[in-house]
Amino acid sequence: MQIVRTIVWVVLTAFVVMFVLTNFGEPQRVKIWPSENPIGFDWPVGIIALVFWLLGAIPAWLYHRGVKWSLDRRIRSLEASIKSNALAQRHEPAGGGRLDAANGPVDKPVDKPVDKPVHNPVQNPAKPVDSLAPDQGGTSA
């Protein structure tokens, strides 16, 4: 995508330079304030067109950058809240975190104990990896 953007900027710059050079003939008077002694300046038409195009484009570009900045902040905030909610649900206590006003935490009722299997081939089961945490193994895929 970066190469396409660079090509577009090079082509746009070439057209602007060509326009300014072809319209660099006689200077034209631009009146800023009409009066008996008009206030103004004499510049080539190409430079005048470029200056006034920039005067119109820069405020629109600044507005665009401001909106993009605000939306990027909003996206980062929403992503952070989703991540914190996912981590909170993953690490929720077994009792559900319910509280009784008089007696404190309420535990879940204890079910019947589960019979252990006769043969357990796995001695050290792997621990689940937190998929939301950055890779800490030192290698990157």
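The structure displayed is predicted, hence computed values, not measured ones.

In this section: the overall build of the protein chain. Each helix and strand in the protein chain was counted, giving 2 helices and 4 strands. Sorting the 141 residues of the protein chain into buried and exposed places 4% on the buried side. Pairs at least 24 apart in sequence give 27% of the contacts found in the protein chain among residues at least 6 apart. Accessible surface computed for the protein chain: about 13,300 Å², of which carbon and sulfur atoms make up 64%.

Looking at chain direction, strand E1 (residues 28-33) and strand E2 (residues 39-43) are connected through 5 bridges and run antiparallel. The residue of E2 that forms the bridge with Trp33 is Ile39. Between E1 and E2, which pair antiparallel and follow one another directly, the connecting turn spans 5 residues.

Let us now look at the pattern of salt bridges. Going through the model one piece at a time under the given rule, you end up with 2 salt bridges. The partner of Arg29 in a salt bridge is Asp42, and the shortest N-O contact between them spans 3.5 Å. Taken together, the residues Arg29 in strand E1 and Asp42 in strand E2 connect sequence positions 13 residues apart. Residue classification places Arg29 among the partly exposed residues on the basis of a relative accessible area of 43%.

Bringing the packing of aromatic side chains into the picture now. Think of a pair of aromatic rings as described by two things: how far the centres are apart, and how the planes are tilted against each other in angle. Per the stated rule, a full pass over the model turns up 1 aromatic pair. With a centroid separation of 4.7 Å and an interplanar angle of 55°, the aromatic rings of Phe41 and Trp43 are classed as tilted. Residue Phe41 is classed as partly exposed on the basis of its relative accessible area, which comes to 23%.

So, on to the layout of surface pockets. Any empty space left between atoms is shown by rolling a water-sized probe over those atoms. Of the volumes computed, that of the largest pocket is approximately 250 Å³. Lining the largest pocket are Trp9, Leu12, Thr13, Val16, Val17, Leu50, Trp53, Leu54, Ala57, Ile58 and Trp61. Listing elements by their share of the lining of the largest pocket, those giving two or more residues are helix H1 (2-22) and helix H2 (45-90). In terms of residues, the lining of the largest pocket owes the most to one element, H2, which gives 6 residues. Across the lining of the largest pocket, the residue classes tally to 10 nonpolar, 1 polar and no charged.

With that settled, consider the packing of H1 against H2. One way to put it is that H1 packs onto H2 with a least axis distance of 6 Å and a crossing angle of 140°. In terms of orientation, H1 and H2 fall into the oblique class. Across the interface between the two elements, Val16, Phe19 and Val20 from H1 touch Gly46, Ile47, Ala49 and Leu50 from H2. Within the contact of H1 with H2, the residues separate by chemical class into 6 nonpolar, 1 polar and no charged.

Reading the values: rules and limits
Residues numbered from 1 in each chain as written. Predicted model: local features only at pLDDT ≥ 70, side-chain atom pairs only at ≥ 80, totals over all residues. Heavy atoms only, no water. Helix = DSSP H or I, 4+ residues; strand = E, 2+ residues; numbered from the N terminus. Buried < 20%, exposed > 50% of the residue type's maximum accessible area, 1.4 Å probe, protein only. Contact = heavy atoms within 4.5 Å. Areas by Shrake-Rupley, 256 points an atom, 1.4 Å probe, with all protein chains shown as cover. Pairing = 2+ DSSP bridges. Salt bridge = Lys/Arg side-chain N within 4 Å of Asp/Glu carboxyl O. Phe/Tyr/Trp six-rings, centres within 6.5 Å; stacked < 30°, edge-to-face > 60°. 1 Å grid on protein atoms, 1.4 Å probe; cavity = no way out; pocket = protein on both sides within 12 Å on 5 of 7 lines; lining within 4 Å. Points joined across faces, edges and corners; volume = space filled by probe spheres on them. Nonpolar A, V, L, I, M, F, W, Y, C, P; charged D, E, K, R; others polar. Axes fitted to C-alpha atoms, helices over the stretch in contact; angles between N-to-C directions. Parallel < 35°, antiparallel > 145°, perpendicular 65-115°, else oblique.

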